[in-house]
Amino acid sequence: MNTTFMCRLYALTCLLLLTIFIEACGNDDLSKINAISAKVAAKPVQVSRNVSITFSDSARVKAVLTSPVIMQYETDKPYQELPKGLHIDFYSAITGKVESHLDANYGIRYENEHRVMVENDVRVVNKIGEKLNTEQLFWDENKKKIYTEKYVKYQKSDGVYEGDGMDADENFSIVHWHKFRGQIQMKNDSLPK
């Protein structure tokens with residue numbers, strides 16, 4: 001056989017295999033690859049240490065977030081990563097005093113959404129000593145709500161409550177359970193007659 005013919009056959013075979021490979025990749029796979037590439041390529045544009053951020057509305061402090069490290073990312077959806085943990089004090093709009101505080105080992109603040117996600121040993125304590133523990137929690141700054149779909153343990157003076165998912169206001173005065181489990185202790189005078 002002719003070597004020119006063999007080279008052309010080899011090139012045509014390679015081109016055919018390359019076309020089949022590209023077609024097999026579909027749009028979903030390409031979008032996944034692009035998403036992974038974007039995450040790998042994203043590098044913080046700013047790293048700050050021993051940071052305190054004050055959140056306010058109409059000149060009233062809503063919350064103060066402190067963290068040993070905050071890394072700022074400028075992407076299509078800018079965010080701040082708090083890889084070494086954080087502490088947030090939530091303030092009363094009426095008294096201006098701390099109503100509750102939150103601690104976690106990791107967090108991300110989504111700037112445009114005004115939302116914070118914390119995870120890894122999340123602990124919340126309100127001003128009367130009630131405690132909440134979970135592995136992941138979200139704080140919606142605009143709605144002044146805290147919520148999760150993960151397992152939650154909530155310790156109050158009248159008992160321990162557990163469930164999968166809950167939402168509450170920032171000071172935990174109103175708590176709604178999604179999938180409650182456990183016992184509720186009630187006083188006889190609180191039952192309807």
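Going by the structure above, here's the rest.
Please read these numbers as outputs of a predicted model, since none were measured by experiment.

S.K.: I'd like a description of the overall build of the protein, backed by residues and values.
M.R.: The helix and strand tally for the protein stands at two helices and 11 strands. Each helix and strand of the protein, placed in order from N terminus to C terminus, yields the pattern α-α-β-β-β-β-β-β-β-β-β-β-β. A buried classification covers 32% of the 193 residues belonging to the protein. Considering only contacts within the protein whose residues lie at least 6 apart along the sequence, 31% involve residues at least 24 apart. When the accessible area of the protein is evaluated, it comes to approximately 12900 Å², of which 55% is carbon and sulfur surface.

S.K.: Give me the lowdown on the packing of aromatic side chains, citing residues and values where you can.
M.R.: Under the definition given, this model contains seven aromatic pairs. Arranged with centres 4.6 Å apart and planes meeting at 10°, the rings of Tyr73 and Tyr79 form a pair that is stacked. Accessibility expressed as a relative area gives 17% for Tyr79, which makes it buried. Taking the centre distance of 5.6 Å and the plane angle of 70° together, the rings of Trp177 and Phe180 count as edge-to-face. Its relative accessible area of 22% is what places Trp177 among the partly exposed residues. With relative accessibility at 30%, the residue Phe180 sits in the partly exposed group.

S.K.: Can you break down the environment of Gln155 residue by residue, with the values?
M.R.: Examined against the element boundaries, Gln155 turns out to sit in strand β9 (residues 145-156). Spatially, the C-alpha atom of Gln155 lies 5.6 Å from that of Glu130, the residues being 25 residues apart in sequence. When residues no more than four places from it in sequence are discounted, the contact partners of Gln155 are Glu130, Lys131 and Val160.

S.K.: A description of the pattern of salt bridges should follow, citing residues and the corresponding values.
M.R.: Applying the stated criterion across every chain, the model contains five salt bridges. Between Glu99 and Lys127 there is a salt bridge, with the nearest N and O atoms lying 3.5 Å from each other. Of this pair, Glu99 sits in strand β5 (residues 98-104) while Lys127 sits in the loop between β7 (115-126) and β8 (131-140); the two residues are 28 residues apart in sequence, bridging distant segments of the chain. According to the relative accessible area criterion, Glu99 is buried, its value standing at 10%. Here Lys127 falls in the exposed class, since its relative accessible area comes to 58%. Between Lys156 and Glu130 there is a salt bridge whose closest N-O contact spans 3.9 Å. Taken together, the positions of Lys156 in strand β9 and Glu130 in the loop between β7 and β8 put the pair 26 residues apart, joining distant regions of the chain. With a relative accessible area of 32%, Lys156 lands in the partly exposed category.

Basis of the calculations
- Residues numbered from 1 in each chain as written.
- Predicted model: local features only at pLDDT ≥ 70, side-chain atom pairs only at ≥ 80, totals over all residues.
- Heavy atoms only, no water.
- Helix = DSSP H or I, 4+ residues; strand = E, 2+ residues; numbered from the N terminus.
- Buried < 20%, exposed > 50% of the residue type's maximum accessible area, 1.4 Å probe, protein only.
- Contact = heavy atoms within 4.5 Å.
- Areas by Shrake-Rupley, 256 points an atom, 1.4 Å probe, with all protein chains shown as cover.
- Phe/Tyr/Trp six-rings, centres within 6.5 Å; stacked < 30°, edge-to-face > 60°.
- Salt bridge = Lys/Arg side-chain N within 4 Å of Asp/Glu carboxyl O.

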